[in-house]
Amino acid sequence: MNHLYPIFLKVHELNILLVGGGNVGTEKLEFLLKSSPEAQVTAVSKEFSQSFLDLARDRKSVQMVEDSYDEKYLSSKHMVIAATDDKEVNKQIRDEAKARFLLVNVADTPDLCDFYLGGIVTKGNLKVAISTNGKSPTAAKRLRQLLEEVLPEEMDELLDNLNAYRDTLKGDFEYKVKAMNKITKGLVGKR
Ligand SMILES: C[C@@]1(CC(=O)O)C2=NC(=C\c3[nH]c(c(CCC(=O)O)c3CC(=O)O)Cc3[nH]c(c(CC(=O)O)c3CCC(=O)O)/C=C3\N/C(=C\2)[C@@H](CCC(=O)O)[C@]3(C)CC(=O)O)/[C@H]1CCC(=O)O
Ligand SMILES: NC(=O)c1ccc[n+]([C@@H]2O[C@H](COP(=O)([O-])OP(=O)(O)OC[C@H]3O[C@@H](n4cnc5c(N)ncnc54)[C@H](O)[C@@H]3O)[C@@H](O)[C@H]2O)c1
């Protein structure tokens, strides 16, 4: 049973602290930016790998600070991703973030995470997030690839059309719900 509750965050309006600019830090930033190209990220690392620099350099919303982690970097942040190669430091980040009631992800250490990053499929306005409850990130990746293949590109056109149709409906809320359900019934083949 998966007890996680997925939400869709406006990370372009939230401040994220990412600590660690190596392989894992780069992977986390890459997935974050793939889904949310204007995510507001402050990246703090003793040093940044070439691939991190290549990814972050031209992004206005990503700020890089070459420094060791310090608690001061938690100030004005909404959430934190710890991705250093020092387990003690990752634990310290987690503890200090928790003391401030910040949401924290310790990359690749499920037990220390308040939230997991998921596999994400985007087709225009449609976004599907996938979690295996931390059981198999590889399965999440494969399912993401599968859904990317099978969900039609026309999905976004369909959503636009439905939105336009809803705007033409005159009537109360109940009438609109019925009308929207009626026109989309064919999408699922059964009621
Ligand atoms: C979905 C995705 C998003 C992202 O990273 O943003 C993601 N991991 C991805 C890929 C991936 N990560 C790893 C491999 C190598 C295969 C392997 O080792 O299993 C691969 C596959 C590959 O690269 O092919 C290594 C790994 N990851 C975690 C552990 C620890 C453990 O499992 O115990 C270890 C072992 C480390 C070690 O060996 O010590 C843990 C987590 N990884 C999560 C997310 C969270 C759970 C998500 C869920 O609920 O399913 C969670 C719990 C925490 C977190 O990091 O948020 C992204 C796919 C993106 C995509 O392609 O769509
Ligand atoms: N690379 C992988 O694919 C992989 C897979 C599974 C698990 N892991 C684990 O994830 C962790 C990170 O791995 P990685 O490959 O990203 O390591 P890495 O060496 O590429 O990157 C670690 C980064 O953390 C920074 N750092 C270290 N201490 C710091 C501190 N006190 N303050 C700020 N920055 C600091 C370093 O400067 C470096 O940029 C390791 O514990 C590793 O065992 C890595």
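Being a predicted model, the structure only gives us computed values, none of them experimental.

**Q** Break down the pairing of strand β7 (residues 126–130) for me, with residues and values.
**A** Two strands pair when backbone bridges link them, and strand β6 (residues 119–123) and β7 are joined in this way by 5 bridges, in the antiparallel orientation. Residue pairing for β7: isoleucine 120 is matched across the bridge by alanine 129.

**Q** For the site of ligand 1, give the residues involved together with the corresponding values.
**A** Around ligand 1 sit 21 residues, and of these Leu117, Thr132, Gly134, Pro137 and Lys141 come closest. If you list the elements that add at least two residues to the shell around ligand 1, you get α1 (23–35) and α4 (137–150). The biggest single contributor to the shell around ligand 1 is α4, with 5 residues. Along the lines of polarity and charge, the residues of the shell around ligand 1 split into 8 nonpolar, 8 polar and 5 charged.

**Q** So what's going on with the domain arrangement of the chain? Which residues, and what values?
**A** Structurally, the chain comprises domain 1 (15–116), domain 2 (118–151) and domain 3 (155–187). Each of domain 1 and domain 2 was reduced to a C-alpha centroid, and the two centroids are 22 Å apart.

**Q** Lay out helix α3 (residues 87–99) in plain terms, naming residues and giving numbers.
**A** When the terminal C-alpha atoms of α3 are compared, their 18 Å separation across 13 residues agrees well with the 18 Å that a helix rising 1.5 Å per residue should span. Every buried residue of α3 is listed here: Asn90, Ile93, Arg94 and Ala97. One side of α3 holds all its buried residues, which, seen down the axis, span an arc of 95 degrees. Residues of α3 that are exposed and point more than 90 degrees away from the buried face comprise Glu88, Asp95 and Ala99. Looking at the buried residues of α3, the elements they touch are β1 (15–21), β4 (79–82) and β5 (103–106). Of the residues one or two after α3, phenylalanine 101 is the one with positive phi, at around 60 degrees.

**Q** Which residues make up unusual backbone geometry, and what values do they have?
**A** A negative phi angle characterises most non-glycine residues, just as the trans form characterises most peptide bonds. A positive phi angle is found at serine 76, which is not glycine, with a value near 65 degrees. In this structure, serine 76 sits in the loop between β3 (62–66) and β4. Positive phi is not limited to glycine here, since aspartate 108 has a value of about 70 degrees. Its location among the elements puts aspartate 108 in the loop between β5 and β6.

**Q** Tell me what's going on with the site of ligand 2, and back it up with residues and numbers.
**A** Near ligand 2, the surroundings consist of 20 residues, among which Gly20, Gly22, Asn23, Val24 and Lys46 are the closest. Of all the elements in the fold, those that place two or more residues in the shell around ligand 2 are β1, α1 and β2 (40–48). Considering each element in turn, the shell around ligand 2 owes the most residues, 4 residues, to β2.

**Q** Tell me about the UniProt feature "domain: Siroheme synthase central" (unreviewed entry) in the chain, and name the residues and values.
**A** Per the UniProt annotation, the sites labelled "domain: Siroheme synthase central" (unreviewed entry) are residues 124–148. Secondary structure across residues 124–148 comprises 48% helix and 20% strand; the distance between its end C-alpha atoms is 12 Å.

**Q** If you had to explain the pairing of β1 to someone new, which residues and values would you point to?
**A** Burial within β1 is extensive, with 6 of its 7 residues counted as buried. Regarding the hand of the β-α-β motif, the stretch spanning β1, α1 and β2 is right-handed. Pairing of β1 with β4 involves 4 bridges; the strand directions are parallel. Within the sheet, the bridge partner assigned to leucine 18 lies in β4 and is isoleucine 81.

About the thresholds
Residues numbered from 1 in each chain as written. Chains lettered and ligands numbered in written order. Predicted model: local features only at pLDDT ≥ 70, side-chain atom pairs only at ≥ 80, totals over all residues. Pairing = 2+ DSSP bridges. Helix = DSSP H or I, 4+ residues; strand = E, 2+ residues; numbered from the N terminus. Near = placed C-beta within 6 Å. Nonpolar A, V, L, I, M, F, W, Y, C, P; charged D, E, K, R; others polar. Domains from an automatic or database assignment. Expected span 1.5 Å × (residues − 1). Buried ≥ 20, exposed ≤ 12 C-beta atoms within 10 Å, placed from the backbone. Arc of directions from axis to C-beta. Contact = placed C-beta atoms within 7 Å. UniProt positions renumbered as here; feature names shortened; annotations may be inferred. Right-handed = clockwise from strand over helix to strand, strands pointing away.

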